[in-house]
Amino acid sequence: MGSIVFAAPGVDQFHLHERLRRELQQHGHSVDVLSLDPAAHTFWRHQGGATTLLEPRSPDAMRAPLGDLADRECTRRGLGGESSARRRHRSAIEQRLARLLPTLATWIEAHRPGLVLLHEQRSAEHALVHWAARELGCRVLWTGDGLLPHTLQADERGLDGDAAASQRRPGDYRVVDGDPALLQACLSNVLARTIPAALTRREVVVPTLWARLGCVWAATAARGAGGARSALFGWRRALPLRSSAPRAPLQLPHAPFVTVLLQDDGQARVTLDAVAPPTAGELIRASIAAAARL
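Residue indices follow the written sequence of each chain, beginning from 1 at its first position. Only residues with pLDDT of at least 70 get local features here, since the model is predicted, and only at 80 or more are side-chain atom pairs given and counted; chain-wide, interface and lining totals rely on the full set of residues. With hydrogens and water set aside, each side-chain value is computed from the structure's full complement of heavy atoms.

**Examining the overall build of the protein chain**
No. 1: Helix and strand labels come from DSSP, where a helix needs a run of H or I of at least four residues and a strand needs a run of E of at least two; each type is numbered from the N terminus. Looking only at helices and strands, one finds nine helices and six strands in the protein chain.
No. 2: Seen along its three principal axes, the alpha-carbon backbone of the protein chain occupies a region of about 65 × 50 × 45 Å.
No. 3: Any residue under 20% of the maximum accessible area for its type is buried, any over 50% is exposed, and the rest in between are partly exposed; the area is computed with a 1.4 Å probe on protein chains only. Here the protein chain holds 294 residues, and the buried ones make up 34% of them.
No. 4: Pairs of residues are marked as contacts when any of their non-hydrogen atoms sit within 4.5 Å. Residue pairs at least 24 apart in sequence account for 64% of intrachain contacts in the protein chain once pairs closer than 6 positions are excluded.
No. 5: Here the protein chain displays about 18400 Å² of accessible surface, and carbon together with sulfur accounts for 57% of that area. Note on areas: Shrake-Rupley with a 1.4 Å probe; residue coverage comes only from the protein chains shown.

**Some words on the environment of Ala 274**
No. 1: Its location among the elements puts Ala 274 in the loop between α8 (268-271) and α9 (280-293).
No. 2: Given a relative accessible area of 29%, Ala 274 falls into the partly exposed group.
No. 3: The spatial distance from the C-alpha of Ala 274 to the C-alpha of Gly 161 is 8.5 Å, given a sequence separation of 113 residues.

**Description of the sheet that holds strand β2 (residues 30-35)**
No. 1: Spatially, the six strands line up as an open sheet ordered β3-β2-β1-β4-β5-β6, and their pairing is mixed. Of all strands in the sheet, those with a lone pairing partner are β3 (50-53) and β6 (152-155), marking the two edges. Within the sheet, the average angular offset between the axes of one strand and its neighbour, ignoring direction, is 25 degrees.
No. 2: Pairing between β2 and β3: four bridges, direction parallel. From the neighbouring strand, Asp 32 faces β3, where its bridge partner is Ala 50.
No. 3: This element, helix α2 (residues 38-46), spans β2 and β3 of the sheet and lies at about 165 degrees to β3. Two strands pair if DSSP finds at least two bridges between them. Lines fitted to C-alpha atoms define the axes here, with helix axes fitted over just the stretch in contact, and angles between the N-to-C directions of these axes take values from 0 to 180 degrees.

**Description of the pairing of strand β4 (residues 115-119)**
No. 1: The element β4 is extensively covered by neighbouring structure, given that five of its five residues are classed as buried.
No. 2: Residues of β4 alternate between two faces, with Leu 115, Leu 117 and His 119 on one and Val 116 and Leu 118 on the opposite face, all of them buried.
No. 3: Here β4 pairs with strand β5 (residues 139-145) via five bridges, running parallel. Its bridge partner lying in β5, Leu 118 is registered against Trp 142.

**Considering the layout of surface pockets**
No. 1: The rule is simple: put a 1 Å grid over the protein atoms alone, call a set of points where a 1.4 Å probe fits but cannot get out a cavity, call an open set with protein on both sides within 12 Å along at least five of seven lines a pocket, and count a residue as lining if it has an atom within 4 Å of a point. Grid points are joined across faces, edges and corners, and a volume is the space filled by probe spheres set on the points. What the second largest pocket holds in volume is close to 480 Å³.
No. 2: Along its surface, the second largest pocket is lined by 20 residues, and Leu 147, Leu 148, Ala 165, Arg 168 and Tyr 173 are the ones closest to its centre.
No. 3: Of all elements in the fold, only β6 and α6 (180-192) reach the threshold of two or more residues within the lining of the second largest pocket.
No. 4: At four residues, β6 tops the list of elements feeding residues into the lining of the second largest pocket.
No. 5: Residue type decides the class: Asp, Glu, Lys and Arg count as charged, Ala, Val, Leu, Ile, Met, Phe, Trp, Tyr, Cys and Pro as nonpolar, and the leftover types, Gly among them, as polar. Residues belonging to the lining of the second largest pocket are distributed by class as follows: 10 nonpolar, five polar and five charged.

**Observations regarding the nonpolar core**
Note on soluble globular proteins: their nonpolar side chains tend to be buried together.
No. 1: Definition used in this section: a nonpolar core is a set of buried Ala, Val, Leu, Ile, Met, Phe, Trp, Tyr and Cys residues joined via side-chain atoms within 4.5 Å. If you look at the biggest cluster of nonpolar residues, it comprises 35 residues, and the most contacted ones within it are Leu 66, Leu 97, Leu 104, Ile 108, Val 116, Leu 128 and Val 129.
No. 2: At the level of elements, β1 (3-7), α3 (66-76), α4 (84-111), β4, α5 (124-135) and β5 are the ones that each hand at least two residues to this core.
No. 3: No other element matches α4, which puts nine residues into this core.
No. 4: Setting aside anything within four residues of it in sequence, one finds Leu 104 in contact with Leu 34, Leu 54, Leu 128, Val 129 and Ala 132.

Written out as structure tokens, the structure is:
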């Protein structure tokens, strides 16, 4: 059977990856969790199953476009222009990628996985895994939150603006039949504020305090105080979300009204995929003007 690699999965996506690993193993596949961060590796190691930590070593850029990946990561983080902060972060990111690449390439060559799975995150490290796997002849699959509620997107090239679907022209969809029932079901779930039907969830194994303390220094050196907090308490992101208290029904205005739904400015769909995206204020003012014309 095949060998599947979960590449740098987020701790907050533990439930999905744990269930997927369970299903794959029941069908005879082998699954390995590949971590690029000691704190994440500590968490996944305590959950059981095969885990591997890729530790940086002497930098070697090989033929990888590390400069482009570092530029893209700065853009994803919202570091625009040619500021000193962007140059400083770009240099640090490129250096880290150059130190990760030799270990990553060696591991992929030695194990030759049948599929490398990347889920949701679009960081420079994930892009580096994608590049190395494709260069060494391994299949890659990206999955992530869909544009419609309760759906997932899957693509071999990337997510959202990186996906192959984003390169299609409107004419490519002339032969595609619409599915009004799907849209109606998604809208109904949004208005009802439902959550997806939960699969059985395995209890999270909390890493020992000593194991978490052992990751603090490396996490602090990589990401500062936020990295230290993640090393100590990041495992909590794997816990199920608490159901919020029921809210009173939304009282809609009796007169016609307009609602503007805005994305978070820090979303990769905004920082990476949009060219000079308008601000929230600009979108609201444009919506008010459009409504006034109507």
